[in-house]
Amino acid sequence: MLNLSALISNSRRVAIVGAFTIGAIAFSGPASATPVQLFPFFPAPPMQFAPPPAVEAAPSDNEGVVRELPARLKRQIVSYAGREAPGTVIIDTPNTYLYYVLGGGQAIRYGIGVGRDGFTWSGVQSVTKKAEWPDWTPPPEMIARQPYLPRHMAGGPGNPLGARAMYLGGTVYRIHGTNAPETIGTHVSSGCIRLTNEDVTDLYSRVNVGTRVIVLPMDRRADLAAAVR
């Protein structure tokens, strides 16, 4: 007959020896060896890896680049042989220059952007209003041509009138700054005269309400060239 007590005793001894044997295997290997999983029937939690830090794109070579005006369009004092009184503003449309007459045979010359083909004009006006960081309300004529334009835009760096504006008589035309300085020296506007924000701020400080503004026609290129040495 099977001795039940002896069988239980032998089973306990086998279990104890097995446990010590597993422990010995787990701790007898070199430190660099992969540890033995004691209980393979319990799945080990998956290893988690932190995602690599996001790599920022390198800045574009053109980012923050300020295009420098050509030498001829930079603000400068030039000889001027015209007979206009000091303080007069002369718009040389064909050559994209604005002259502020100083007197004594000199003037300050600024590079400007002028009206594109079909939008140039000429005549004599006076400054009737001045504004810093002006709002922009496109006139109905401009809205009719470009219906996508905003009906009103508050003044600020993003406003196409730029930092300063000088309004000419009762017309829709202005001498103003621009948020697109690369257009200086070109025929691009709907008739307004644009300067860089730095230049229009300088001109604004010299011009008063009532200042006379002479806008030369396209065929006056030779006459003005003879007047400027």
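Relevant structure appears above.
Residues numbered from 1 in each chain as written. Predicted model: local features only at pLDDT ≥ 70, side-chain atom pairs only at ≥ 80, totals over all residues. Heavy atoms only, no water.

Summing up its helical and strand segments, the protein chain has 4 helices and 11 strands in all. Within the protein chain, buried positions represent 34% of all 229 residues. The long-range fraction of contacts in the protein chain, counting pairs at least 24 apart against all pairs at least 6 apart in sequence, stands at 63%. A total of about 14600 Å² of accessible surface is found on the protein chain, and carbon and sulfur atoms cover 59% of it. (Helix = DSSP H or I, 4+ residues; strand = E, 2+ residues; numbered from the N terminus. Buried < 20%, exposed > 50% of the residue type's maximum accessible area, 1.4 Å probe, protein only. Contact = heavy atoms within 4.5 Å. Areas by Shrake-Rupley, 256 points an atom, 1.4 Å probe, with all protein chains shown as cover.)

The subject of this paragraph is helix α3 (residues 197–206). Looking only at α3, the buried set comprises Asn197, Asp199, Val200, Asp202, Leu203 and Tyr204. Elements that come into contact with the buried residues of α3 comprise β3 (97–103), β4 (106–111), β6 (123–132), β7 (164–168) and β8 (174–176).

Turning next to the pairing of β4. In the case of a regular strand, side chains alternate between the two sheet surfaces. Counting buried positions along β4 yields 5 of 6 residues, so the element is predominantly enclosed. Direction of pairing for strand β1 (residues 76–79) relative to β4: antiparallel, over a ladder of 4 bridges. Its bridge partner being in β4, Val78 is matched across the sheet by Ala107. Pairing geometry for β3 and β4, over 6 bridges, is antiparallel. Within β4, the position partnered with Leu98 by the bridge is Tyr110. In sequence, β3 turns back onto β4 through a hairpin of 2 residues, with Gly104 there showing a positive phi of about 65°. (Pairing = 2+ DSSP bridges.)

Moving on, we come to the environment of Gly113. Here Gly113 is to be found in the loop between β4 and β5 (114–115). For the pair Gly113 and Ile175, spaced 62 residues apart in the sequence, the C-alpha separation amounts to 9.9 Å. When residues no more than four places from it in sequence are discounted, the contact partners of Gly113 are Thr183, Ile184, Gly185, Thr186, Cys192, Ile193 and Arg194.

Turning our attention to the pattern of salt bridges. Evaluation of the coordinates by the stated rule reveals 5 salt bridges. For the salt bridge of Glu68 with Lys74, the shortest nitrogen-to-oxygen distance reads 2.4 Å. The salt bridge partner of Glu132 is Arg164, with a shortest N-O separation of 4.0 Å. Taken together, the positions of Glu132 in strand β6 and Arg164 in strand β7 put the pair 32 residues apart, joining distant regions of the chain. (Salt bridge = Lys/Arg side-chain N within 4 Å of Asp/Glu carboxyl O.)

Taken in spatial order, the 9 strands of this open sheet run β1-β4-β3-β2-β11-β6-β7-β8-β10, and their pairing is mixed. The sheet is open, and its two borders are formed by β1 and β10 (193–194), each paired with just one other strand. Alignment of β7 against β8, held across 3 bridges, turns out to be antiparallel. In the strand pairing of β8, Tyr167 is matched with Arg174. Against the sheet, α3 makes contact with β3, β4, β6, β7 and β8, and its axis sits at roughly 55° relative to β7, the strand it touches most. (Axes fitted to C-alpha atoms, helices over the stretch in contact; angles between N-to-C directions.)

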